[in-house]
Structures are given as C-alpha cells and as structure tokens.
Amino acid sequence: MTVADLAKWTGGVATPAAPAEVRGAAIDSRKAFAGCLYAALPGERADGHQFVEKALAAGAACALVRDDWAGARDDLPLVKVPDVKKALAAAARGWRRTLRATVVGVTGSAGKTTTKELLAAFLAAGGKTHATAGNYNNDLGLPVTILNCPEDARFLVVEMGTNHPGEIAALCAIAEPDAGIISSIGTAHIEFFKTQDGIADEKGALFRCLKRHPHASSATPFAVLARENERFERLKAMSAAPVVETSLDCAEAREIERRLAAKLPGRHNVSNALVALACARTLGVPLAACLAALEDFSLPGDRWRQIEKGGVSWVVDCYNANPTSMVAALETFAAQPWPGRKVAVLGDMFELGEKSRELHAMVKRRAAELPLDLVAYVGGNFGGGTPEDARALLKPGDRVLLKASHGMHLERLLETT
C-alpha cells in the first residue's frame, strides 16, 4: 500500500523520511520483516514505541506511531497518528477495500481454528489463499492478518475470536466479510456472556453483517451453518444473507470421516470439515480438489498432536479448552481402540465465571460415563492435584489424552517423560 493511502486511511501525517509504500504489517518488533509497516502499540509490559528503531533495523520500512511520541524525528520513516490501535484498524479496513479477494469470517465457541485451517486448505486448492496465522484473531491480530494479505489473493480467511460483547461486530466492521461460518455455540467465555444465547448473539454478529459491499468481490454474500449447531435456528434467523446448511447425515460426511480418521478424529471435526467444505464448494472449488487437500492436512500447535514418548502414546490437545471442546475430545479419545490403558489427564478450564464449578462438574460426570481406565484431574477448578501427581499414575503402554486451557501448560508433562 502507498504511504499516502495509509495516511489518508488513518488520518495520519507522514515524515519526510517515510517511503513511498509499505508491504504488510507487524506489531512485534521481533517479527518485523523487509518492507513492512511496524505498528508501535502500547502493551501491558512494554510500549511498542520503545522498539521502533529495532523494528526499522530489522527491515521495517515505516513505523506507525503516536503523534505525541517524544522519540519522533523527521529523519525516521514514520506515520504519526492520534491513536495507533485505531489507526491499525483503519489501515486494515482501507487495505481490505482494495482487495479483490473474497473474505470469509470464521468464528465459534469451539472448533473455529480447526474450521479456519480446513477452509484455508480447501480454498488453496482453488486459488491463492491467505488466512489467519496462529492466534491472530482479535482486534490486533485481525488487522495484521488483513494487512499481510497479498493483493493478488483470491481468498482471505479471517478467524474472529471474542471474550466480551461487541467484539465480533467490531471485527466485522474492519474485515467486512463476504461470507461467514459459525462452527459451534458452547460455553467458552460464558463468564462474560452469562448464557449460551448470549454467546450465540455475540457470534451471530458475523451473520448479521453479511451484505454486499460496494467494493466487495463478485461473491454473493452467504453464511454456512451446521444443523448440529446447538443454536441453529437462532443463528439462522440472524443471518442477513442466505444460509448454506450442512448435516452429518450427508454422504460427504462419511467420506470426510474416512479421510480424517487417523489425523483428526471425532464427529465434531467432521462437522467442522463439512462447513468448511460447503463454503469452499459455494465459492467454486471442486469437491475432488477439496478432498485431495485433506491428504496432507495437519493442524498447527497442540491440537490433537500425537506423539510417542517414554513408552506412552500421547494425544496433546492443550491449545485451549472449554466445556464443549473438552467433552468432544474425551468422547473421541474414549471411542478409539487401544490395547492398553486409556488415560485422560484433564486440567482446568478458564473464563467460565460463576458457572465454573457447575461446568467443571459436568465434564467430570461425562468423563466418568466413558470407557476410560483412568481420569486424573489437575488444578483447583477440577479439585485435582499437580501435573506431577498425574505423571506418577502413568505406565508404559498407556495412551494418554492431555486436555486443558493453554494457561495450565499441561503439555509440560512431556518434558518430564
């Protein structure tokens, strides 16, 4: 993007040393790359302005800084704005409006990252695709994702996360999606939404925003929703666009389950794949190309990562956890055949508020109903012990599921093996 456009979109002023254009963006000076815009954001531990010169030395072409920053100099390539965070969002909105890519928003209480990764794989089979990396799904990460989208991309997939009311609507105002997927409605972050209907209303903001924008691609706006979604009717009624429906009863579900069985088992993952498939097919990607994309598919991070270590077969699913994903993981794990003991080590779930005790108890009841040889609990919310206590219960030949909110760092059990 040109720096002139950047200044126009953000209401900023460029210094004489600012370049003619920048390509992409970074909000971490350690991740600055050649030609990018570095946004100097305030942080909990440090102010990004402290690292402007470091980012420029690493290759950033220009820095987005606060207009009252004492370190600003005309010989530094800067765009000075009243509020860097607001300017980052405005820049992303401006860049999005120059793109010809079809923009798809993905949200949900559980499964949104899996759905996003599956959708990106399917769409890549039909054209150049850019998608959210890692956990860049909030009011800082989403703008960076958009600003890093190549101008010749055919598809842009943006994951949208929320833990407070109004956040999905704010992300939609930046991304202006042409299509939307809501993977599930569960109880994640219920501390801030009080009820599942409250969560549905927040996630449903994605569907409410679906309309044709003057600058949009040629795609007709649409939503994708699984009939198995706990708030199917409520969400469908919210959509401003036609809804493409999926069901686990369809023939494609059986084929996807067969192809995913070894690397991403569970009916919930089949449902995630179906909504992703329906979206890609609606956007013109052939079914055969989508199915072929599953051959080399894998999830990033600790999402159903399978590893053999210390004589134990581990399934590490500790990227995050909420009651919906916890039960789905337990049911999937329990259903898999194994000649030895099947052991689940479960750690606390966070951001459940006043329902925390009730929801942890619900997970324990469900775990007790499943054909598991042993369930060990870690953390105060589960009334459990320490990771070391759980490790002492394991034996060679066990197959062990590790499932907890990321902040529990349950994956460290592997380090002691």
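Rules and cut-offs
Residues numbered from 1 in each chain as written. Predicted model: local features only at pLDDT ≥ 70, side-chain atom pairs only at ≥ 80, totals over all residues. Heavy atoms only, no water. Disulfide = S-S within 2.5 Å. Pairing = 2+ DSSP bridges. Helix = DSSP H or I, 4+ residues; strand = E, 2+ residues; numbered from the N terminus. Contact = heavy atoms within 4.5 Å. Axes fitted to C-alpha atoms, helices over the stretch in contact; angles between N-to-C directions. Phe/Tyr/Trp six-rings, centres within 6.5 Å; stacked < 30°, edge-to-face > 60°. Buried < 20%, exposed > 50% of the residue type's maximum accessible area, 1.4 Å probe, protein only. Lys NZ or Arg CZ within 6 Å of the ring centre and 35° of its normal. Core = buried A, V, L, I, M, F, W, Y, C linked by side-chain atoms within 4.5 Å.

In this section: the state of the cysteines. The tally for this structure, following the rule as stated, stands at zero disulfides. Distance from the sulfur of cysteine 36, which forms no disulfide, to the nearest cysteine sulfur (cysteine 62) is 9.6 Å.

A few words on the sheet that holds strand E3 (residues 37–39). With respect to topology, five strands assemble into an open sheet ordered E1-E5-E4-E3-E2, the strand pairing being mixed. The sheet terminates laterally at strand E1 (13–14) and strand E2 (25–26), the two strands that pair on one side only. Relative to E3, E2 runs parallel, the two being bridged by two bridges. Bridge pairing in E3 links alanine 26 to tyrosine 38. Packed on one face of the sheet, helix H3 (residues 84–96) meets E3, strand E4 (62–66) and strand E5 (78–81) and runs near 135 degrees to E4.

Another aspect to go through is unusual backbone geometry. What is expected of a backbone is that most residues other than glycine have negative phi and most peptide bonds are trans. Even without a glycine there, the phi angle at tryptophan 304 is positive, about 50 degrees. We note that glutamate 351 has phi near 60 degrees; this positive angle belongs to a residue other than glycine. Summarising the element assignment, glutamate 351 is placed in the loop between strand E14 (342–347) and helix H15 (356–369).

Turning next to the packing of aromatic side chains. Within the structure shown, the criterion is met by one aromatic pair. Their ring planes at 40 degrees and their centres at 4.9 Å tell us that tyrosine 377 and phenylalanine 382 sit as a pair that is tilted. There is no split in this pair, since tyrosine 377 and phenylalanine 382 are both buried. Over the ring of tyrosine 319 we find arginine 303; its NZ or CZ atom is 3.5 Å from the centre of that ring. Stacked on the ring of tryptophan 338, the Lys or Arg arginine 399 has its end atom at 5.5 Å from the ring centre.

Our focus in this paragraph is the nonpolar core. With 57 residues, the main nonpolar core has Leu119, Phe122, Ile256 and Leu330 as its most contacted residues. Take this core: its biggest share by element is nine residues, from helix H12 (residues 267–282). Residues in contact with leucine 119, not counting those within four places in the same chain, are Val104, Val106, Val157, Ile181, Ala276, Cys279 and Ala280. By size, the runner-up hydrophobic cluster in this structure holds 54 residues, among which are Ala18, Val84, Leu142 and Ala175.

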